[in-house]
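Letter by letter, the chains look like this.
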Amino acid sequence: MMIMKLKIVVLSVFFATCCISCSNVKTEISGAGATFPLPYYNMVFKDFSDTTGINVAYGGIGSGGGIRSLKDGIVDFAATDAFLSKAEEAEIAKSVIHVPTCLGAVVVAYNVPEISSLRLSADVLADIFLGVITKWNDGRIVETNPDIVLPDLNITVIYRSDGSGTTNVFTDYLSKISDRWRAEIGAAKSVSFPVGVAAKGNPGVAGIIGQTAGAIGYVGSEYAFARKIAFASLQNKAGKFVKPSTASISAAASANIPADSKIMITNSAAEEAYPISCFTWIVIYREQNYAKRSPEQAQATVKLLNFILSNEAQSKAANVHYAPLPENVRCNALKSLKSVTYNGKAIE
Amino acid sequence: MKDKVVKILTFIAAVIILIICGGMVYSLVTGAVPAFEKFGVDFIFKKDWQYTPDNEQYGALPFIVGTLITAFLAVIISFPFSMAVSLFVGEYFKDTKVAAFLGTATELLAGIPSIVYGLWGFYVLRPIMVGMGLSEQGFGIMTSSVVLAIMIIPYAASLSSEFIRMVPNDIKEGAYSLGATKYEVVFHVILPAAASGISSSYILSLGRALGETMAVTMLIGNTNTLPTSLTDTANTMASIIANQFGEAAGLKLSALIAIGLLLFLITALINFIAKMIIKKYAI
């Protein structure tokens with residue numbers, strides 16, 4: 001009797017799980033990676049599933065985690081704000097392509113009571129993060145902000161405790177504008193910041209800046225905009241103070257971009273450019289038949305990327321404070337997507 | 001028949017647990033091998049944590065120190081409160097409604113998820129620390145330890161009150177019949193008799209403080225340097241892993257796993273000590 005009951009329970013559980021998995025015939029694709037473009041992806045992926053019925057599950061686990069998942073063959077695509085180096089590509093062994101999806105900016109957010117606009121020159125920014133400038137009313141900050149009264153408040157630098165594409169972009173910029181930064185700290189997904197307090201993820205950094213008087217840190221633009229945290233105008237290479245905006249981010253990508261789009265566009269020479277702008281990418285395998293994926297999945301993946309590169313999706317980037325790709329970059333990306341295959345055959 | 005089924009089921013369950021436990025240790029050890037191969041035992045005593053691509057240097061010392069300081073400080077801070085609660089519940093107001101209510105309320109603290117403690121620390125405690133002038137931005141070892149102390153009060157209090165209750169009535173009555181006051185009974189009879197149990201309950205709560213991750217990560221400031229004062233920001237072994245595993249690869253991943261292994265060993269050792277004390281000095 002007891003065994004009978006047990007068998008029934010076991011069998012019913014077994015069938016129940018079976019039904020859940022077999023009712024799931026709809027194609028679903030999954031990706032993982034950067035949190036930096038997450039607000040944009042959330043919007044685009046939803047539009048995509050509304051128009052095609054294909055669901056996209058995206059895990060914002062960080063660029064490195066995304067690439068690792070792709071390497072393990074457990075996702076259809078990975079998203080990253082730092083393009084793969086030659087060594088990293090070699091480690092994956094199979095050929096991958098980088099598809100740029102939009103342009104974004106890393107903003108320098110701060111929290112100084114009653115100060116809503118602030119201008120920072122390049123060397124002052126570097127010295128704040130190096131710990132040379134420690135007070136908000138330091139003469140060098142006052143110099144570029146003659147119209148406001150800065151308080152006698154200590155500066156608390158906030159940086160990312162986890163490895164991050166955002167840190168990579170920000171430190172790449174600091175390395176370009178400060179010799180000392182390049183020599184002592186360098187540019188990478190995580191570096192040893194000489195001063196400050198660290199928090200996990202863009203939301204973590206934005207949260208601490210919002211809560212701490214005297215704080216300054218760097219976050220993906222949307223995280224500052226959404227929380228209404230003040231951010232600084234930065235002095236670009238041309239010497240102009242520029243606020244991050246769709247126009248100023250686009251301006252940073254107006255220079256010559258290589259066909260594979262693998263370039264850092266920080267410290268752009270363009271006159272209207274916001275200096276800490278960057279591309280963000282989705283990385284997929286060129287040969288889509290891996291880890292027992294179906295042709296439908298491969299097709300859906302390519303379809304998604306074509307959708308992101310469509311004018312319709314691109315035009316919406318500005319809604320969440322990212323910038324659309326320049327036309328030539330978009331065309332090159334569409335071209336490289338054509339080289340994606342399944343079993344060696346091009347995907348329709 | 002029924003007997004046999006239950007016997008087999010429990011046997012299978014027990015074996016599965018053993019296999020999982022062994023598998024965890026195995027994967028921790030194999031994962032940690034590259035880090036120990038590269039840095040040797042020195043890994044435990046090095047204080048650099050550098051991820052420069054061609055010159056990676058990883059050492060666990062700042063995190064071991066951060067972990068031990070926050071955990072011990074938490075036990076010290078929680079001691080007067082948990083001790084008072086356990087005496088109140090276990091002796092002074094034993095078996096009264098007030099004691100039952102207080103006991104339940106303390107145990108309720110144990111049921112609060114650590115992220116909630118973290119939130120409370122972040123939004124309530126941190127501004128208080130800043131207001132008291134203890135620290136510039138309110139993050140650091142002190143803030144983490146205060147929150148940890150509150151988190152471990154229920155463990156220490158409920159375990160100790162059990163040990164206080166377990167002190168045989170005969171010896172207490174003996175003391176009273178000799179004319180001892182309540183104070184004398186508590187401090188000269190009950191506490192010495194329950195001392196081993198009480199100390200092991202504090203060691204067990206120390207073990208819990210060592211491994212706490214979420215609340216600490218939110219409050220400690222996450223800096224990878226050796227702390228020099230109690231208001232310094234730092235990182236614990238658990239928080240460095242939580243912070244950095246996502247982007248870690250290669251040697252760095254191995255270093256994080258090695259830290260995980262060390263944490264596992266430290267907590268295992270502490271639990272072992274607690275069990276030994278209970279066993280050896282049991283009433």
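These numbers were taken from a predicted model, which means no experiment stands behind them.

Caption draft 1: Local environment of the overall build of chain B. Helix and strand counts for chain B come out as 11 helices and two strands. Expressed as lengths along the three principal axes of its C-alpha atoms, the size of chain B is roughly 75 × 65 × 30 Å.

Caption draft 2: Quick peek at the sheet that holds strand β5 (residues 119-120) of chain A. Residue and element names in this part refer to chain A. Strand order across the open sheet formed by three strands is β5-β9-β10, with mixed pairing between neighbours. Edge positions in the sheet fall to β5 and β10 (241-242), since each has one partner strand and no second. Where β5 and strand β9 (residues 233-235) come together, two bridges link them in parallel fashion. Note that in β9 the partner of arginine 119 across the bridge is serine 233.

Caption draft 3: Up close: the interface of chain A and chain B. Every contact between the two is made by 24 residues of chain A and, on the other side, 20 residues of chain B. Of all elements in the fold, only α1 (2-22), α3 (63-71) and β7 (197-199) of chain A reach the threshold of two or more residues within the side of chain A that touches chain B. It is α3 of chain A that contributes the most residues to the side of chain A that touches chain B, four residues altogether. Residue composition of the side of chain A that touches chain B, by class: seven nonpolar, 13 polar and four charged.

Caption draft 4: Summary view of the confidence of the model for chain B. Across chain B, the average pLDDT comes to 91, with 99% of residues at 70 or higher. Taken over the whole predicted complex, pTM reads 0.82, whereas the ipTM for its chain interfaces reads 0.77.

Caption draft 5: Spatial organisation of the sheet that holds strand β1 (residues 28-33) of chain A. Residues and elements named next belong to chain A. Read across the open sheet, the eight strands follow the order β2-β1-β3-β11-β4-β8-β6-β7; overall the sheet is mixed. Each edge of the open sheet is held by one strand with a lone partner, namely β2 (55-59) and β7. Ignoring which end each strand starts from, the neighbouring axes of this sheet average 25° apart. When strand β4 (residues 96-111) meets strand β11 (residues 277-285), the two strands line up antiparallel, connected through nine bridges. Paired with valine 96 across the two strands is tyrosine 285, which belongs to β11. In the packing of helix α2 (residues 38-52) onto the sheet, contacts are made with β2, β3 (77-80) and β4, and the angle to β2 comes to roughly 165°.

Cut-offs applied
Residues numbered from 1 in each chain as written. Chains lettered and ligands numbered in written order. Predicted model: local features only at pLDDT ≥ 70, side-chain atom pairs only at ≥ 80, totals over all residues. Helix = DSSP H or I, 4+ residues; strand = E, 2+ residues; numbered from the N terminus. Pairing = 2+ DSSP bridges. Contact = placed C-beta atoms within 7 Å. Nonpolar A, V, L, I, M, F, W, Y, C, P; charged D, E, K, R; others polar. pLDDT = per-residue confidence, 0-100. Axes fitted to C-alpha atoms, helices over the stretch in contact; angles between N-to-C directions.

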